[in-house]
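Spelled out from the first residue to the last, the chains are:
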Amino acid sequence: MNHSYTIGIDVGGTNTDAALLCDAEVVALIKVPTDHQDLLSSTKEALQTILDHYKGAEPVKLHLSTTLSTNVIAEGRGAPTKVVAVPGPGVNLRSLSFPFSIIELEGYIDHRGREVSPLDMDQVLALRDVCDDGEALAVVGKFSQRNPIHEQQLARELAKWHSGVISLGHRLSGRANFPRRIVTTYLNASIAKHQGDFLKVWEDVQGTDISEIAILKADGGTMTLNDSRERAIESILSGPAASIMGVKALSQCPENNYLIVDIGGTTTDLAAVVDGEVLYERDGATIAGYKTLVPAVLTRSIGLGGDSKVTYEEGLGITIGPQRAGMPVCLGGKHLTPTDAAVALGLASIGEREAAIQGWNTWAETFGIRGEDLARQVLDTFTAQLARAVDDFYRELENMPLYTVHEVLNPPELRPRYIVGLGAPAGVYLPPLAAHLDLPCEVLPFSAGANAIGAAAARTTVGVTLQADTELGRVTIPEMGYQEELHRPLFFDIGKARELAEAKTREYASSLGYDATGEIYIVEEESFQMVRGFRTVGQTHMVRTQLRPEVRKVRGDIK
Amino acid sequence: MTQVGLVFFPAFDWAISPDHPERQERLLYTRDQIQEEGLFDHPSIHEYRPRRATDEEILRTHVVIPSLDQRITESHRIAAGGTIVAADLVVDGLVDRAFALLRPPGHHANRVVHGARGFCVLNNEAVMVDHLRARLGADLKVAIVDTDAHHADGTQDVFYNDPGVLHISLHQDGRTLYPGTGFTSERGGPGAYGQTVNIPLPPGTGDEGMLMVMERVVLPILREWKPDYIINAAGQDNHFSDPITNMSFSAQGYAQLTELLSPDIVVLEGGYSIESALPYINVGLLLALAGLDYSKVQEPIERKNREQGKSITEQVAKVCDEVMDLWQTRSQADLGEVFGEADFFERRRQIYYDTDNIYESQQEYVRLCSSCAGWRVIYTSSTRNRDPVGVVLLPWKPCPVCTGEAREQYEELTKDERFRQVVWQDPASKFCRCDGTTKT
């Protein structure tokens, strides 16, 4: 019988975790310290270590979640990049103060994708004088997702003399938001070279012990090495996504709506699952202050963790975080932390319990209470603060705009009926939170390595945005650079739009080298009658599809 | 940085009827444009959800015949509720200004509602203004500046005799456009004489004329009256591309108007050039409200006559002079001459509901009172609701005499067999019975 082996590696801030899965079983789980000076070597070390556990003969797949592109962007190490934009009328780009220079060209595509005025070819030719061949170029037009013609024309012209990277906005996202499309395309172009160098290394690894390498994305899905060359930007922020995928792989949760709480030393991250799907950011990921259109799981970080600073102020009482206290007292630190409270109360065994008890006793004396009671109060405060943050989180989600009468009358139910916790201290803090919120809870098995398991269990995500306008007789799928005339526009209804979107999603997935046989679901759709002068003149349809990102289910014990 | 709250509710699943201009698609391109310009996630623009207005909130302002549930749809309730949300954002200090960018519109809806007029059933601004007074007290002074191309006859009707509200409507001359009213001679009831200010503009008036009206009339009046809140009922059908009006404003003109007026709360009204005007006007308006650069906002089509004709400019200047003269002399007017010397001022009206094609007959008596705006009684019936309905109305700050008399009148009407339905409306009372009493 054939087994399917997958290794997941998640490069984190402190450790690099690796997991080896055989079908639905975890075979091994290891971690090595992350070497920030040489990410590649610690990543390869993690791979080598986990491969030592591998006894099989079948080929192994590798899913990599790295911080490479995230770091390049956060540290401002991207290649010199120029943005060539076709903004048309509207918001003055200069007023948005982008931290990079933009060359603005004449040309105007309107909201329906009609070309109101063409590119000025003299301006296009003049680009040659201002763009350096060593620079990467990002080409972005307003409403290019409705009609990519200007971006495509520019790409053809630029390719005549520019040998460097050229990124096109419409290929990266079918969503509206010109400023975000500019930023996304700019970042994608600026990290393309780093991604290329990175790929060269891994292409060598591919074909030895490893049959196939995939890169984890911010939406929790994977893409091929080759695809990541064109869309490097999608590999940002894959770490949080890996943890969420770990939850989806390992959790026994019977509910469709649940809360994910990832408790760490410094911060606690929250994410929500609604109707069985992880909630995504409305527009896209934000990285190092850049707002992008990169699809990403929605997470919110709170400055509350096991190593948070505990302070007492007259009138305010005890507060925890958001600063980090450093090492807990039980590990020789100077400041008492929630970890010390858990250790003193016997809820966790880390370091020296006596030191923690002593610490609380000394502090408690100044209030004239027992150290044990103070430690308990600190844990109660932790629970209360976390519960408040959870409520704020759902309030924010519940403020998502609603655009139909139907939705206002039947707003989607987002609140959780179950909590899944992960992270090293989850066993201590999660049960009291769940009791406080009156919800059942589950602490994930392999809590500390769930990210690597999630990376290994993740599957390909790929989707398209179809926009059809029957009055103009045109259909566009920007991600594929596809634009065609509709043969019989009068008969192109929403059903036809769905059919075409599904067929095109499969075609697109196959062209990228993915298994396109899975279920395709419709993430979002819209359909409007166009009425002009008391008469219906056509319809407009939008269908956004995705290959269902089914995560492999994984058993909670080591084989 | 000015923070702007945006309550966007395009009601993508609601239309008056298939193929009606007030349709699902109306704000689609506005949504597309705002989204593509990145304004939904601009750091100074914050989007909020609308909510349903409650019966109490609506019936504080309106008398709906025969009942609320028989006359309004959920979309009307949400548009009114969304407007209240916008006002609360400003009052609560969550934002500096707010824009209720929503439909269906409201400014043709009168106090008494038998059905839909001019695509409107509930008057969103009016419900919001009364909500503000219920929250902040009856002494609040609110100015409404209506910049829709159609006369805001509904809003004028609701606040006709209300000293707490200054209602300024600039619009295409009523002799040339629905609803055919809004002349300078309509100046308000005996309790608020002069506080209804109509500025009828000749067809073809462009940005130049509109800016002249702002500078010569609207801004000086506002400076003098000193409202606590300025509300802009922002119809967008003065645009040169609007299919059902004949004005000549541009998106730039609308943005300049917004900047000059600096309203606290903006509420969308009409505007049916949904592709060539609304996306650009709304983007310009949002930018102007937030104090951002709108200089590059421009519609895709050129105006035929960029310059407003000389004769139009002269006509606009004349209207400005006339309106200012009326404003400055409002306190010298002899009310006895205008409203008579009797105890009551009587008004009889025929009101046409174009959207629902019904006629209403109204007979109204306003108590002339020197201590308050005076109580009122309205007898109303329509081709849809033929049984006459009696409505007794108290003003926001009634004097004890008026309150007593109105009570007596109400008791009398409930005993009168000619009226199957009698309504008592006391907006200021916490215990107000704003519901209609229906006799069997």
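Cut-off values and rules
- Residues numbered from 1 in each chain as written.
- Chains lettered and ligands numbered in written order.
- Predicted model: local features only at pLDDT ≥ 70, side-chain atom pairs only at ≥ 80, totals over all residues.
- Core = buried A, V, L, I, M, F, W, Y, C linked by C-beta atoms within 7 Å.
- Buried ≥ 20, exposed ≤ 12 C-beta atoms within 10 Å, placed from the backbone.
- Helix = DSSP H or I, 4+ residues; strand = E, 2+ residues; numbered from the N terminus.
- Domains from an automatic or database assignment.
- Contact = placed C-beta atoms within 7 Å.
- Nonpolar A, V, L, I, M, F, W, Y, C, P; charged D, E, K, R; others polar.

Draft legend 1. Focus on the nonpolar core. One finds B:Val7, B:Ala98, B:Phe99, B:Ala100, B:Leu286 and B:Leu287 to be the most contacted residues of the largest nonpolar core, which totals 132 residues. By residue number, the principal contributor to this core is helix α9 (residues 278-289) of chain B, which donates nine residues. If you look at the next biggest cluster of nonpolar residues, it comprises 123 residues, including A:Leu62, A:Val183, A:Ala218 and A:Ala232.

Draft legend 2. Representation of the domain arrangement of chain B within the structure. Residue and element names in this part refer to chain B. Taken domain by domain, chain B holds domain 1 (4-331) and domain 2 (335-438). Listed as interface residues are 29 residues of domain 1 and, on the opposing side, 35 residues of domain 2. Counting residues per element, the ones that place at least two in the side of domain 1 that touches domain 2 are α2 (55-59) and α5 (124-136).

Draft legend 3. Seen up close, the interface of chain B and chain A. Facing the 39 residues of chain B at the interface are 34 residues of chain A. Elements with a contribution of two residues or more to the side of chain B that touches chain A: β1 (4-9), α1 (28-36), β2 (45-48), α4 (74-91) and α9 of chain B. By residue number, the principal contributor to the side of chain B that touches chain A is α1(B), which donates six residues. Among the residues forming the side of chain B that touches chain A, the class breakdown is 18 nonpolar, seven polar and 14 charged.

Draft legend 4. Expanded view of unusual backbone geometry. Residue A:Gly321 is joined to A:Pro322 through a cis peptide bond whose omega torsion reads -5°. In this fold, A:Pro322 is placed in strand β20 (residues 317-324). Between B:Ile65 and the following residue, B:Pro66, the backbone shows a cis peptide bond with an omega angle of 0°. Despite not being glycine, A:Phe534 has its phi angle at roughly 60°, a positive value. A positive phi angle is found at B:Ser262, which is not glycine, with a value near 30°. Here B:Ser262 lies in the loop between α8 (251-261) and β10 (265-268). Owing to 16 C-beta atoms within 10 Å, B:Ser262 belongs among the partly exposed residues under this scheme.

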